[in-house]
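# Tertiary structure, described
Residue-level listing of the chains:
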Amino acid sequence: MKKWIWLAAALLLALGAYVAAGPYLTIRAIQQAVQEDDTRALARQVDFPALRSSLKLQLDDYLVRSAGADAQGSAFGQLGLRIASGLAGGAVDAMVTPVGLAAMMEGRRVWRRVDVRALPQPAGEPAAKPLQDAERRYESPSRFTATVHDDAGRPVVFVLTRDGLHWRLSDIRLPL
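Quick notes on the rules
- Residues numbered from 1 in each chain as written.
- Predicted model: local features only at pLDDT ≥ 70, side-chain atom pairs only at ≥ 80, totals over all residues.
- Heavy atoms only, no water.
- Helix = DSSP H or I, 4+ residues; strand = E, 2+ residues; numbered from the N terminus.
- Buried < 20%, exposed > 50% of the residue type's maximum accessible area, 1.4 Å probe, protein only.
- Contact = heavy atoms within 4.5 Å.
- Areas by Shrake-Rupley, 256 points an atom, 1.4 Å probe, with all protein chains shown as cover.
- Salt bridge = Lys/Arg side-chain N within 4 Å of Asp/Glu carboxyl O.
- Pairing = 2+ DSSP bridges.
- Axes fitted to C-alpha atoms, helices over the stretch in contact; angles between N-to-C directions.

### Considering the overall build of the chain
A tally of regular secondary structure across the chain gives 5 helices and 4 strands. Going through the 176 residues of the chain one by one, you find that 28% of them count as buried. For the chain, the proportion of contacts with a sequence separation of at least 24, taken over those separated by at least 6, is 52%. Element-wise, carbon and sulfur atoms account for 60% of the exposed surface of the chain, whose accessible area totals about 11,300 Å².

And the structure:
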């Protein structure tokens, strides 16, 4: 009987260790997918609908704050904000794809990456390792963040969320 209790305890401990290591394994899988230009592998690590929704909300908020109270109070200002919001949403839809996300994580421009075969990586240029020097931490048992800093020193936060035993990138908090 004691044997079964020890076995159950060992299995629970192994399951807990796997769940705790999950975000680190996901970050490693993202890095590997970006380095190998494997967009399918990257797509398995990202919750694209949640990521698109989050980025659209961030850009809409930024546009409204940038426009100010005067633009929000006038009919033409509101029309302009709706048009700008629609354009920003279309840009997010175009950019938040496996190819676009890989290009952003590499620090390359998406329009240069449309045809990967047309523009090979220059010889001698090291492959990008996204999230390598990120500050990593758990925010809750189901939420993990990896924070990197852009060229201006502003934080860009990559949020991974847990769905069952699998962790996926679901949000990128931009420094807007």
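### Concerning the environment of Tyr 62
Considering the arrangement of structural elements, one finds Tyr 62 in helix α3 (residues 48–73). The class for Tyr 62 is partly exposed, based on a relative accessible area of 35%. Taking the C-alpha atoms as reference points, Tyr 62 and Leu 176, 114 residues apart in sequence, are found 6.5 Å from one another.

### Description of the environment of Leu 174
When you line up the elements, Leu 174 lands in the segment after β4 (166–173). Spatially, the C-alpha atom of Leu 174 lies 8.9 Å from that of Phe 158, the residues being 16 residues apart in sequence. Residues within four places of Leu 174 in sequence aside, it is in contact with Leu 55 and Gln 58.

### Some remarks on the pattern of salt bridges
If you walk through the whole model with that rule in mind, you get 6 salt bridges. A salt bridge links Glu 139 to Arg 143; its shortest N-O distance comes to 3.0 Å. The exposure class assigned to Glu 139 is partly exposed, which follows from its relative accessible area of 33%. On the basis of relative accessible area, Arg 143 is assigned to the partly exposed category, the value being 28%. Arg 173 is the partner of Glu 139 in a salt bridge, and the nearest nitrogen-oxygen pair spans 3.6 Å. Pair noted here: Glu 139 is in strand β1 (residues 135–140) and Arg 173 is in strand β4, with a separation of 34 residues, a long-range link.

### Concerning the sheet that holds strand β3 (residues 155–163)
Reading across the sheet, the 4 strands line up as β1-β2-β3-β4 and stay open at both edges, with antiparallel pairing between neighbours. The open sheet has two free edges, formed respectively by β1 and β4, since each of these has just one partner strand. Sheet twist, expressed as the average angle between the axes of neighbouring strands with direction ignored, equals 25°. Here strand β2 (residues 143–149) pairs with β3 via 7 bridges, running antiparallel. Counted as the bridge partner of Thr 147 is Val 157 from β3. Helix α1 (residues 2–35) rests against β1, β2, β3 and β4 of the sheet, and its axis sits at about 135° to β1.

Without other data, these values stay purely geometric and don't point to any function.
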